[in-house]
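In case you want the letters, here they are:
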Amino acid sequence: MTDPSTRLLELLSLLQSGRSWPGAELAARLGASPRTLRRDLDRLRELGYPVSSTRGPGGNYQLVAGRAMPPLLLTDDEAVATVVGLRIAALTQMGGAGDAAEGALRKLERVVPTRLRARIQALASATETTSRATQALDLRTVQLLATAAHMHQDVRFDYTSRSGKHTGRRVEPYRQVLFDRRWYLLGWDRDRADWRTYRIDRIGELSVPGTTFTPRELPADDPVSFVQDSARFPLTGQRGVVRFAAPVSVVSDRLIAEAGSLEAIDDTSCRYVTSADSWEWLSVTLATVGVPYTIEAPPELISYSRELADRIARAAGG
């Protein structure tokens, strides 16, 4: 490898793997002499890449964090994955994140090689995204909660419950989980002395007073499953219980509602248990499954379903 530019790019690619490279190994990979390697490393430092070195036979070299983010060298697959990820991030309803993703996406798309544009355009044109309308998240809130969880710092915030009640909370934050297109915080509520799951879009007036806590053992081996169960079955919410006259395999293919649990009763029937922000929305969802079913609870879901049936009958001239 005699071309200096090609050799420099290959050296940068090797260093960006994150490992510490012995000088002799780097020189062998590049087909260069130790002196040429040292000259190339100095050139990278001049371009803004912070390369550290350790003493020893031949020395060891590693790319480390600097004051500014230097240009990155991506493989074809990494570049395509990055563009796709930024496209998804640009659609988020997290305040500030969408604009930042759009800016990074524009910069990256301007420099993507021609050979990759067809792959990226194919992915974009053949992919559709949908999202249920939710309140936009504040990027600063997500960042503060993440930092506090990492540093084991207490947080305080105002919280709006499902019923609209506002309360002040003192919480030890542990995990943030994205579930059913919503962000949740798993934390220990100090005033209630118990684990709680909070919708992050319902958190306001967040502050980090600076006090720290000793981490507790998480409430489950899989915090994600714990948050999912809490989101499906809120402590203060009612559960909709529906019995379908069809096997689980049939209903699971047709049920578009994501939150809830679906379990077999026998070979010909199954039971669906869920909570919902809107019983009216759930009554419509159940009707679209296309198999006979019986609503076992709650009365609100039964009432909405009867009203829906009446409206459909009137619309059809019945």
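Residues numbered from 1 in each chain as written. Predicted model: local features only at pLDDT ≥ 70, side-chain atom pairs only at ≥ 80, totals over all residues. Heavy atoms only, no water.

## A short note on the overall build of the protein
Right, on to step 1. Along the backbone of the protein there are 11 helices and 14 strands.
Right, on to step 2. Every one of the 318 residues in the protein was classed for burial, and the buried ones make up 34%.
Right, on to step 3. Taking the contacts inside the protein whose residues are at least 6 apart along the sequence as the reference set, 58% of them involve residues at least 24 apart.
Right, on to step 4. Accessible area of the protein: about 18900 Å², with a carbon and sulfur share of 51%. (Helix = DSSP H or I, 4+ residues; strand = E, 2+ residues; numbered from the N terminus. Buried < 20%, exposed > 50% of the residue type's maximum accessible area, 1.4 Å probe, protein only. Contact = heavy atoms within 4.5 Å. Areas by Shrake-Rupley, 256 points an atom, 1.4 Å probe, with all protein chains shown as cover.)

## Details of the nonpolar core
Right, on to step 1. Leu11, Leu15, Leu26, Leu37 and Leu44 are the most contacted members of the largest nonpolar core, which has 17 residues in total.
Right, on to step 2. Those elements that provide at least two residues to this core are helix H1 (4-15), helix H2 (23-30), helix H3 (34-46) and strand E3 (60-63).
Right, on to step 3. Excluding anything up to four places from it in sequence, Leu26 contacts Leu11, Leu14, Leu15, Trp21, Leu37 and Tyr61. (Core = buried A, V, L, I, M, F, W, Y, C linked by side-chain atoms within 4.5 Å.)

## Notes on the sheet that holds strand E13 (residues 269-274)
Right, on to step 1. With antiparallel pairing, the 4 strands of this open sheet are ordered in space as E12-E13-E11-E14. Where the open sheet ends on each side, the last strands, each with one partner, are strand E12 (261-266) and strand E14 (293-297). For this sheet, the mean inter-axis angle between neighbouring strands, taken without regard to orientation, is 25°.
Right, on to step 2. Two elements, E12 and E13, share 5 bridges in a ladder whose sense is antiparallel. Bridging from a neighbouring strand, Ala264 pairs with Cys270 of E13.
Right, on to step 3. Sitting on the sheet, helix H11 (residues 299-315) touches strand E11 (240-244) and E14, and the angle it makes with E14 is about 140°. (Pairing = 2+ DSSP bridges. Axes fitted to C-alpha atoms, helices over the stretch in contact; angles between N-to-C directions.)

## Observations regarding the packing of helix H10 (residues 279-287) against H11
Right, on to step 1. Packing of H10 against H11 brings their axes to within 9 Å, and their N-to-C directions diverge by 60°. Between H10 and H11, the crossing angle belongs to the class labelled oblique. With respect to the hand of their crossing, H10 and H11 are arranged in right-handed fashion. Between H10, through Trp279, Glu280, Leu282, Ser283, Val284 and Leu286, and H11, the contact on the second element is made entirely by Glu300, Leu301, Tyr304, Ser305, Leu308 and Arg311. (Parallel < 35°, antiparallel > 145°, perpendicular 65-115°, else oblique. Left-handed = near helix turned anticlockwise from the far one by under 90°.)

## A few points about the pattern of salt bridges
Right, on to step 1. Overall, the coordinates contain 13 salt bridges when judged by the stated rule.
Right, on to step 2. In this structure, Asp191 engages Arg170 in a salt bridge whose closest nitrogen and oxygen atoms are separated by 2.8 Å. You can see Asp191 sitting in the loop between strand E8 (182-189) and strand E9 (194-199) and its partner Arg170 sitting in strand E7 (residues 166-179), a full 21 residues away along the chain.
Right, on to step 3. For Asp191, a relative accessible area of 44% translates into the label partly exposed.
Right, on to step 4. For Asp189, the salt bridge is made with Arg192, and the minimal N-O distance between the two is 3.1 Å.
Right, on to step 5. The network of salt bridges with shared partners includes Arg169, Asp189 and Arg192. (Salt bridge = Lys/Arg side-chain N within 4 Å of Asp/Glu carboxyl O.)

## As for H10
Right, on to step 1. Looking at H10, one finds that the buried residues are Trp279, Leu282, Ser283, Thr285 and Leu286. One side of H10 holds all its buried residues, which, seen down the axis, span an arc of 160°. (Arc of directions from axis to C-beta.)

On their own, these measurements won't tell you what the molecule is for.
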